[in-house]
Amino acid sequence: MDKILVLDFGGQYNQLIARRVRSFGVFAEILPYTAKLEKIKKNAYKGIIFTGGPNSVFDPESPHYSKEILSIGVPVLGICYGCQLMAWMSGGTVETAPVSEYGKVTLKAKTGSRLLDGVPAKSTVWMSHTDYVAKAPGGFRITARTDDCPCAAMENEERRLYAVQFHPEVTHTEYGDSILKNFVLGICACSRDWAMDDFIDRTVGKIRETVGDKKVILGLSGGVDSSVAAALISRAIGKNLTCVFVDQGLMRKDEGDFVESTFTKLFDMNFIRVDASDKFFEKLKGIKDPERKRKRISREFYNVFWDVIRDIADGDAFFAQGTIYPDRIESGKGATKGKAGSSVIKTHHNMGKIPKDVDFLGVIEPLGDLFKDEVRSVGERLGIPRELVWRQPFPGPGLGVRIIGEVTRDKVRLLQEADYILRDEMAKCGYEKELSQFFCVFTGSKAVGVMGDHRTYENVIALRAVTTDDFMTADWAKIPYDILAKVSSRITNEVRGINRIVYDITSKPPATVEWE
Ligand code: XMP
């Protein structure tokens, strides 16, 4: 399979570059700029892309790479910082630009460039830079400029080195996809053999080969990643897969039953559902502080989960988890300190590390190469219901962090009912597609109300809905009033014990998405 390397210099769009390349049907992987040249050569990439990054190439602390990489016979495309770096490595001049460019800018392209083939004389590109290439290196031809950037694209066709100061990977760049395609499919001549159907067949084969007739145990949370991993492994080894699903009593209404019926009806596997709700409510008694609550839920989950696993693992099974590619990527961030950031490994759904006294033959992570959208696509191909494949994120501690103050069974029940109505209405009117995440919060406040001739003193529920790309920042969603009105009226009419609904109109920051 042909592969493209995205060499990460700390840019915020590194994953986006890899995802764009993959969307053409070509496998792309990301390595930090600290990756050894020997490793890169051994991997036989068909092309290399240098990402952007926040540094200045002339800062001695900034991330650099051995010049040799430009001469190993593999085409290279430098983007933004990567463009400046290529210029710097090849003897060009990089300076602080008199005018920084940020946002949409008009690119004026010359003809005759393979990279810019199909890009008209004038088009819109996305810029974000304070330095620029003041003088292109010898042997390089400038192929595009903007009003403030004399070298917005350059190339050395003979050596197959290309660079663009703008970001072709972001959608604001009108011909960004064509430029990346020209590089990946044209210049690097990659074949388009990264397809999800092939991925499924290949991975099923690999799992069978690794596992043989041994057993595999997987912790299923009902989230997208672990569900898709479960379906994939089940296709490979059927009943030799055992999924353990811990129900802490803090899921949304009917969710545990839905997960159980989906996996037991649709897939061939052993399914163990552990009802640990009594234990969880007991452990949560009297705990109000959000951090203590989170820790308690996490610890209890971990205890229950591993108690079950310990019994069935017996040193003769593999452990599987739904780790996906972004969880594994070692980033090129932290570049200013001259070293790569540390790698982040998923502690999946609060499972934490595998305890020392649980012995496995090995760990398998069948989705370790996939981005989230690819995981979803595999999930759909494997026949997992859309409801599960496209579900919004749900925090590990579940409704426990959506109940302010002490968590009790009664509060969970009220919150589940209210949340169910919110989801039902959003699905009916189709507005859920506009939202990244939405849910109800049990605020812990009580308010006076009136019902018929009676005064009531009942619970206040908050509605929370956000739109976001990455959940690092989020905007509160401007849900139309008529939808909010319907939700409010249904919850207060249908759920006894709730007499007031408020809408959270705070973005992140300063708020977080969850209330705890
Ligand atoms: P916050 O509240 O931090 O949430 O703005 C950002 C996103 O993360 C989810 N979230 C969690 N997910 N375990 C998880 O698996 C957790 O403990 C947790 N806390 C928050 C939250 O739902 C939102 O999507």
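It should be emphasised that the depicted structure is a prediction, and the values quoted were computed from it without experimental measurement.

Draft legend 1. Fine view of the sheet that holds strand S12 (residues 270-275). In space, the 5 strands of this open sheet follow the order S12-S11-S10-S13-S14, with parallel pairing throughout. Looking at the sheet topology across the chains shown, the edges are occupied by S12 and strand S14 (362-364). Within the sheet, the average angular offset between the axes of one strand and its neighbour, ignoring direction, is 25°. Along the sheet, helix H7 (residues 255-266) makes contact with strand S11 (241-247) and S12, crossing S12 at roughly 165°.

Draft legend 2. Local environment of the packing of helix H5 (residues 196-211) against helix H11 (residues 372-381). Running from amino to carboxyl end, H5 crosses H11 at an angle of 75°, the nearest separation of the two axes being 10 Å. Classified by the interaxial angle, the pair formed by H5 and H11 is roughly perpendicular. For the pair H5 and H11, the contacting residues are Met 196, Asp 197, Phe 199 and Ile 200 in the first and Glu 374, Ser 377, Val 378 and Arg 381 in the second. Of the residues that constitute the contact of H5 with H11, the class distribution is 4 nonpolar, 1 polar and 3 charged.

Draft legend 3. Geometry of the domain arrangement of the chain. Domain boundaries in the chain define domain 1 (3-187), domain 2 (196-389) and domain 3 (408-503). If you average the C-alpha positions of domain 1 and of domain 2, the two centres end up 37 Å apart.

Draft legend 4. Spatial organisation of the packing of aromatic side chains. Summed over all chains, the structure comprises 18 aromatic pairs. Considering the side-chain rings of Phe 305 and Trp 306, the 5.1 Å spacing of their centres and the 80° angle between planes classify their relative orientation as edge-to-face. Each member of the pair, Phe 305 as well as Trp 306, carries the same accessibility label: buried. When the ring of Trp 306 is compared with that of Phe 319, the centres are 5.2 Å apart and the planes differ by 45°; the resulting orientation is tilted. Taken together, the residues span a long stretch of sequence, with Trp 306 in helix H9 (residues 290-313) and Phe 319 in strand S13 (residues 317-320) at a distance of 13 residues. Across the pair, Phe 319 and Trp 306 agree in class, each one buried. Site record: aromatic cluster; members linked through ring pairs are Phe 301, Tyr 302, Phe 305, Trp 306, Phe 319 and Phe 360.

Draft legend 5. Region of interest: the sheet that holds strand S2 (residues 27-32). Strands sit in the order S2-S1-S3-S4-S9-S8-S7-S5-S6 across an open sheet of 9 strands; the sheet is mixed. At either end of the open sheet lies a strand with only one pairing partner, and these are S2 and strand S6 (122-135). Neighbouring strand axes in the sheet, compared pairwise and without regard to direction, differ in orientation by 20° on average. Sheet analysis places strand S4 (residues 76-79) next to strand S9 (residues 161-164), joined by 4 bridges and oriented parallel. When the bridges of S9 are listed, Val 76 appears paired with Leu 161. Packed onto the sheet, helix H3 (residues 81-89) meets strand S3 (47-50), S4, strand S5 (93-109), S6, strand S8 (153-156) and S9 and runs at close to 120° relative to S4.

Draft legend 6. Structural context of helix H14 (residues 481-494). Taking 1.5 Å of rise per residue, 14 residues should cover 20 Å, and H14 covers 20 Å from first to last C-alpha, within 8% of that figure. Looking only at H14, the buried set comprises Ile 483, Leu 484, Val 487, Arg 490 and Ile 491. Projected onto a plane normal to the axis of H14, the buried residues spread over an arc of 135° and lie on a single side. Exposed residues pointing more than 90 degrees away from the buried face of H14 are listed as Tyr 481, Asp 482 and Asn 493.

Draft legend 7. Main features of the site of the ligand. Taken together, Arg 294, Pro 393, Pro 395, Gly 396, Pro 397, Gln 437, Phe 471, Lys 508, Thr 512, Val 513 and Glu 514 make up the full set of residues near the ligand. Separating an oxygen atom of the ligand from a side-chain N or O atom of Gln 437 is a distance of 2.7 Å. Measuring from an oxygen atom of the ligand, one finds a side-chain N or O atom of Lys 508 at 2.7 Å. Relative to its unbound accessible area of 490 Å², the ligand is 71% covered by the protein chains.

Draft legend 8. Structural context of the side chain of Thr 51. In this structure, Thr 51 sits in the loop between S3 and S4. Taking relative accessible area as the criterion, Thr 51 reaches 1% and is therefore assigned buried. Apart from residues lying up to four places away in sequence, Thr 51 is in contact with Val 6, Leu 7, Asp 8, Phe 9, Gly 10, Gly 11, Asn 14, Ile 17, Ile 79, Tyr 81 and Gly 82.

Draft legend 9. View of the side chain of Arg 391. For Arg 391, the position within the fold is in the loop between helix H12 (386-389) and helix H13 (409-429). A distance of 2.8 Å separates the side chain of Arg 391 from the side chain of Glu 255, its partner in a polar contact. Residues contacting Arg 391, with those up to four places away along its chain left out, are Gly 222, Gly 223, Val 224, Arg 252, Glu 255, Arg 376 and Arg 386.

Draft legend 10. Just the environment of Val 502, in detail. Looking at the element boundaries, Val 502 is found in strand S18 (residues 498-503). Here the alpha-carbon distance between Val 502 and Ile 461, two residues 41 residues apart in the chain, equals 6.4 Å.

Draft legend 11. Structural view of the pairing of S11. For S11, the tally of buried residues reaches 7 of 7 residues, placing the bulk of the element in the interior. Side chains Leu 241, Cys 243, Phe 245 and Asp 247 of S11 all project onto a buried face; the interleaved residues Thr 242, Val 244 and Val 246 project onto the opposite face, where all are buried too. Pairing of strand S10 (residues 215-219) with S11, which is carried by 4 bridges, proceeds in the parallel orientation. Within S11, the residue paired with Leu 218 across the bridge is Cys 243. Relative to S12, S11 runs parallel, the two being bridged by 6 bridges. Looking at the pairing, Thr 242 lines up with Asn 270 of S12.

Draft legend 12. Focus on unusual backbone geometry. Here Lys 508 and Pro 509 are connected by a cis peptide whose omega angle stands at -15°. Within the element layout of this structure, Pro 509 appears in the segment after S18. Residue Pro 510 is bonded to the preceding Pro 509 through a cis peptide linkage, with omega at 10°. In this structure, Pro 510 sits in the segment after S18. Even without glycine at this site, Arg 160 takes up a positive phi of about 55°. Judged by its relative accessible area of 29%, Arg 160 falls in the partly exposed class.

What counts and how
Residues numbered from 1 in each chain as written. Predicted model: local features only at pLDDT ≥ 70, side-chain atom pairs only at ≥ 80, totals over all residues. Heavy atoms only, no water. Pairing = 2+ DSSP bridges. Helix = DSSP H or I, 4+ residues; strand = E, 2+ residues; numbered from the N terminus. Axes fitted to C-alpha atoms, helices over the stretch in contact; angles between N-to-C directions. Contact = heavy atoms within 4.5 Å. Parallel < 35°, antiparallel > 145°, perpendicular 65-115°, else oblique. Nonpolar A, V, L, I, M, F, W, Y, C, P; charged D, E, K, R; others polar. Domains from an automatic or database assignment. Phe/Tyr/Trp six-rings, centres within 6.5 Å; stacked < 30°, edge-to-face > 60°. Buried < 20%, exposed > 50% of the residue type's maximum accessible area, 1.4 Å probe, protein only. Expected span 1.5 Å × (residues − 1). Arc of directions from axis to C-beta. Near = heavy atom within 4 Å. Polar contact = N/O pair within 3.5 Å; in protein donor to acceptor, adjacent residues only side chain to side chain. Areas by Shrake-Rupley, 256 points an atom, 1.4 Å probe, with all protein chains shown as cover.

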